[in-house]
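Structural description and commentary
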Amino acid sequence: MKSFEYSAPNTIEEAIESLGNRWGETEIMAGGTDLVTSLKQRITAPQRVVSLKNISTLREIHESSDLIQIGAMTTLADLSNHSTIQKHFPSLVEAARSISSPQILNAGTLGGDLCQRPRCWYFRNGYGLLAQNGGKSLIPAGDNRYHAIFGNDGPAYFVSASSLGPPLIALGASVSVVGADGKSRQIALDDFFRIPKSESERETSLKPNEILTAIHIPLSGLNNSVYEIRHRHGLDWPYATAAVAFKLSGSKASDVRIVLGHVAPTPWLASKAGKSLEGAEVTMSSAAHCAQSATQGAKTLSGNAYKVPMVKTSVKRAILIAAGIQMKG
Amino acid sequence: MADAKWPKAGDRSLIGKRISRLDGPEKVTGSAQYAYDVNLPGLLYAKLVTSAHAKGKIIAIDLSDAESSSGVKAVWKDEGMVGGEIRYVGQVLGAVAAETEEQATEAALKVNVDYEVQQPQVVDSDSQFATGRESKRESGDIEAGLKEADVVAEGKYGLPVITHCCLEPHGQTAEVRDGELYIWPSTQNVSRYADGMDDAVGIPRSKTHVDCQYMGGGFGSKFGSDKWGTLCSQLAKETGRPVKLLLDRNIELMIAGNRPSAYGEFKVGIKNDGTITAFQANVWGTGGVGGYGMRWLPYIYEKIPHTLVTTRGIRTNRGGQRAWRAPAHPQCALLTMSALEDAAAKIKMDALEFFRHNIQLTDKPDVYLEELEIAADLIGYKEKSHLRGEGTPGSVKRGLGISLHRWGGLGHPSECDLSINPDGSVTAEIGTQDLGTGARTVIAIVVGETLGLPIEAITVRIGRNSYPASGASGGSTTVGGTSTASRLASTSALNELLKIVAPHLGVSADALEAKQGVIREINQPTNAIQWTDACSLLGTNTLVKRGVNDRNESRAKGFIDSNVGGVQIADVSVDTETGIVTMNQMVAVQDCGLIIDMKTAESQVFGALIMGITSALYEEALYDAETGVMLNADMEFYRLAGIKDIGNLKVHMMTGKKYEDRGVIGLGEPPVISPAAAISNAVANACGVRVPYLPLTPDRVLDALEKGGIA
Ligand SMILES: Cc1cc2nc3c(=O)[nH]c(=O)nc-3n(C[C@H](O)[C@H](O)[C@H](O)COP(=O)(O)OP(=O)(O)OC[C@H]3O[C@@H](n4cnc5c(N)ncnc54)[C@H](O)[C@@H]3O)c2cc1C
């Protein structure tokens, strides 16, 4: 990696001051599990790296009767071991634990998981976020087996790498962001992610000199779960995931939110699928029906059609798990 | 006098026992020094300058920016490459040595290379690119054989290029001191590592010292010093400072060797009773810029009366192939076993019964029958087996799959010097290497057994080219070569010692034996002398004897042999809604003649199973057709199996007189041959449809199911 200046300020204000206002000039470092790889791969070659590790407030978890606020620097291990989170959000615990490498769980943070850069192999091989070669995307005619089936009208084809984004969005989470003026703004997590339109944009609505400080999740008694389709059990990303959250009254579901992971440049809200289950009784067949509608609008590339049945299966299984229905076979 | 022949079963004190690796503690605690761990005062780090493009010409290589980059001590470019042809990404164009690793990396990137880029060709799965020379082998009359059949099964199968992915990358640390060259490489070939380096570096072989005590994997890719090894030595000479050059992981995966792919179209003719009549194969694949050959088709069932096999290589703009553990065997096993099992499924015949029914078409029917029975018992074949696709209902299907394999494994030429010192200490010196297989331990066991001493009493010195020469560790030849050489050396040293001891015990040397730390009269064991007391009779002279393994002679005398067989059965589950294949269990039954150390032998098989499972489920070197860049030259998407991915592994080694009387036979290659074939057959058995190409990733499984599965 290219040599850089390193700073580890004690306050958010100082951290913001050390950040430049152009992407790539400076980079924020949380646990470093993704950033250090990016530096080595020269995905970015900043002049300065600003570590957040000394800002202790960013590690705090606060609870009130209707909300839990998780500091962005909370490690994935601490997140998954927290008793309130375990009690209310099995989907988060499952998504974090499925990352499964103890090293990554202990070093990686929740903020880092949401802000991690895509794993797109063209991106990681130096062709840029939009994987262009001579002004043309390499993805449609290239090896796109791990690329998007939703939100892929271009120019972005990568998939969001975050496994925690989908369950958090399903749970209605929002994030706090502190910007150059030192003020904090709150945005729905769903709006935090976005699909870049040009090489100068990134995958979130953060500006280069903004810091994600906390994640807020309402405690609204939703049944929730994720189902991840993974091949290898450790040190790997899922092929597709589905996160669901709904209120269960008797066996009827309401406030249904279904969010797909690893199939689009952002966590992907399957709103039609959510609607199809809204007010319905949760059964094998309604789950299957809902799962089917989650695949609507998928646009497959030459090598990723298999993700469509995976979406179907993961949505169906996630719904059944959330409703506590035993799966057959 | 002691007889060098291997001791009989009842007479063995160490051979065949379960003995832990002697160097295990060093490896586990981290005190073992690998090439990268050699840190000398004034050390420089070197990085390669490599081609960013897969095909084209080099117009110019400009070093000026690199030379002025901070910390840089030497920059070298391959003059021959200017105007030369680029054939793959990662091709070596030069090297840079600097004070720190980061500075070297930085400087290497500052070497400005001017290319004339051409469109590369990296695709290998399509036969239209197979323009290489066709090799054709025929026996019997294929048309007649297919006509004779009641059923002809047709199929397409294939497996991609994979790499060796040694955990320790290729490379070395080198230093030139007083005109002599000292090298610490990672190599499978200590005695001959430096061959070919002398001219390039300008230091004769007699002044070149190779030292490799520990190895992090080679699998056939680390026989030579390679261009980067030579470069590292040259940079050390030029700068007068020690230099370390080990490949970065991405470069390692691209240029340090790979295993050729193999794809093909097959026809198998069988009768309704399961008898195979004909086998036709049209096979192609790539060894990158290297050669291509798939010699072993049909595999194992070699005596099928009518066969026609054509193979053609595809030259692609990828790094060149190298021997990969059992060259061409895993590919030929996958292709053959898939085609045969598909034929059995077509006539609704149980696979085990089918493989048995045709066993006379193999060259070791009795060995395979015995092994098939043991393997079937161990996996619970009777209870678990079902015809293809006829398993239990539900979305998760379970299935079993079988594969058979063979290998040579004749010990290589090797020498050993055995010294018995007056203080009773014993040292064996062999210019061999321990790839992590247990070579060091095996030598200690053989010497300890021969001299009646515990293994702790034996000092084994290996890993240096100053020791008596030994062969490269490739082709499962090390255990036979080193065990025989050390047996011969220690027997002859012992006999010399017995001659000296005999007068003191008042008997002739013929009447003596060395057992349990004493030298004693065979017929009257109480007439004995302690080992150390016996050795003190040497006075001031160390007794040194050389043992030489001559392959033909040793084979004739029963020290070593060649040609083993093995059987493996896999038990898998396939989730037909997600395409995920899960390993439940894998059983390996393996013959390797006389086993020196049961524990390291079993470990060798466990390791092979894990490597084989990895190739079946995950591994594939993926190249972008447009740019020729390897897309997964990292350890995230070049996937290897982890501990949770491998299921329960069971190993059964064949023992008993019939096997042991053959002498020692190598074991490195055979157990890695069958796993992928067995697993592919198990997946077909489970979900009712053949997933034609490896690795068996969920996308391929779902695709196969959609095209014709039962789900
Ligand atoms: C082999 C492997 C497998 C993995 N598998 C999975 C998986 O299955 N699912 C999954 O979700 N993840 C997976 N991960 C990714 C892992 O979860 C992330 O690397 C980790 O969460 C990142 O956290 P970090 O604190 O180390 O972030 P860093 O590496 O420090 O930062 C990551 C990025 O986020 C930015 N960033 C970090 N914190 C902030 C902040 N507070 N404000 C603004 N920007 C910030 C950084 O600038 C950087 O660009 C895997 C990683 C590896 C190496």
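A few points on the structure. (Residues numbered from 1 in each chain as written. Chains lettered and ligands numbered in written order. Predicted model: local features only at pLDDT ≥ 70, side-chain atom pairs only at ≥ 80, totals over all residues. Heavy atoms only, no water.)

What follows deals with the overall build of chain A. The number of helices and strands found in chain A is 13 helices and 14 strands. Classification of the 329 residues of chain A by burial places 57% in the buried group. In chain A, the share of contacts with a sequence separation of at least 24, taken over all contacts with a separation of at least 6, comes to 65%. Split by element, the accessible area of chain A, about 12,900 Å² in all, is 50% carbon and sulfur. (Helix = DSSP H or I, 4+ residues; strand = E, 2+ residues; numbered from the N terminus. Buried < 20%, exposed > 50% of the residue type's maximum accessible area, 1.4 Å probe, protein only. Contact = heavy atoms within 4.5 Å. Areas by Shrake-Rupley, 256 points an atom, 1.4 Å probe, with all protein chains shown as cover.)

Right, let's get into the site of the ligand. Residues and elements named next belong to chain A. Taken together, 32 residues lie around the ligand, and Ile28, Thr33, Leu35, Thr109 and Asp113 are the ones closest in. Between the ligand and Gly32 there is a distance of 2.7 Å, counted from an oxygen atom to a backbone nitrogen or oxygen. Residue Thr109 places a side-chain N or O atom 2.7 Å away from an oxygen atom belonging to the ligand. In isolation the ligand exposes 980 Å². Once the protein is present, 96% of that is buried. The greatest single-element share of the shell around the ligand, amounting to 4 residues, is contributed by helix H7 (residues 110-115). (Near = heavy atom within 4 Å. Polar contact = N/O pair within 3.5 Å; in protein donor to acceptor, adjacent residues only side chain to side chain.)

Moving on: the side chain of Thr109 of chain A. All names here are of chain A. Locating Thr109 in the fold gives a position in the loop between helix H6 (102-107) and H7. Looking at Thr109, the relative accessible area reads 4%, which means it is buried. At 2.9 Å, the side chain of Thr109 forms a polar contact with the backbone nitrogen of Gly112. If near-sequence neighbours (up to four positions away) are discounted, Thr109 is found in contact with Ala30, Gly31, Ala72, Met73, Thr74, Thr75 and Leu76.

Let us now look at the side chain of Arg259 of chain B. Residues and elements named next belong to chain B. Structurally, Arg259 can be placed in strand S14 (residues 258-259). Here Arg259 occupies a buried position and makes no salt bridge, while the nearest side chain of opposite charge, Glu619, is found at 6.8 Å. Filtering out sequence-adjacent residues up to four positions away, Arg259 remains in contact with Leu159, Pro160, Val161, Ile162, Trp324, Pro330, Gln331 and Ser615. (Lys, Arg positive; Asp, Glu negative; His and termini not counted. Salt bridge = Lys/Arg side-chain N within 4 Å of Asp/Glu carboxyl O.)

This part takes up the nonpolar core. Residue and element names in this part refer to chain B. Leu404 and Ile679 are the most contacted members of the largest nonpolar core, which totals 200 residues. Counting only domains with at least three residues in this core, you end up with domain 1 (35-119 + 170-246) and domain 2 (329-409 + 561-707). Residues in contact with Ile679, not counting those within four places in the same chain, are Ala570, Val572, Met583, Met586, Ile613, Ala616, Leu617 and Leu696. In this structure, Ile19, Ala428, Leu497 and Cys535 belong to the second largest nonpolar core, which totals 49 residues. (Core = buried A, V, L, I, M, F, W, Y, C linked by side-chain atoms within 4.5 Å. Domains from an automatic or database assignment.)

We now examine the pattern of salt bridges. Under the defined criterion, the tally for this structure stands at 60 salt bridges over all chains. Here Lys47 of chain B makes a salt bridge to Glu101 of chain B, at a shortest N to O gap of 3.0 Å. Pair noted here: Lys47 of chain B is in strand S1 (residues 44-50) and Glu101 of chain B is in helix H3 (residues 101-109), with a separation of 54 residues, a long-range link. Across the pair Glu415 of chain B and Arg546 of chain B runs a salt bridge, and its minimum N-O distance is 3.0 Å. With Glu415 of chain B in strand S19 (residues 414-420) and Arg546 of chain B in strand S25 (residues 543-549), the pair connects residues that are 131 residues apart, well separated along the chain. The network of salt bridges with shared partners includes Asp34, Arg119 and Arg124 of chain A together with Glu636 of chain B.

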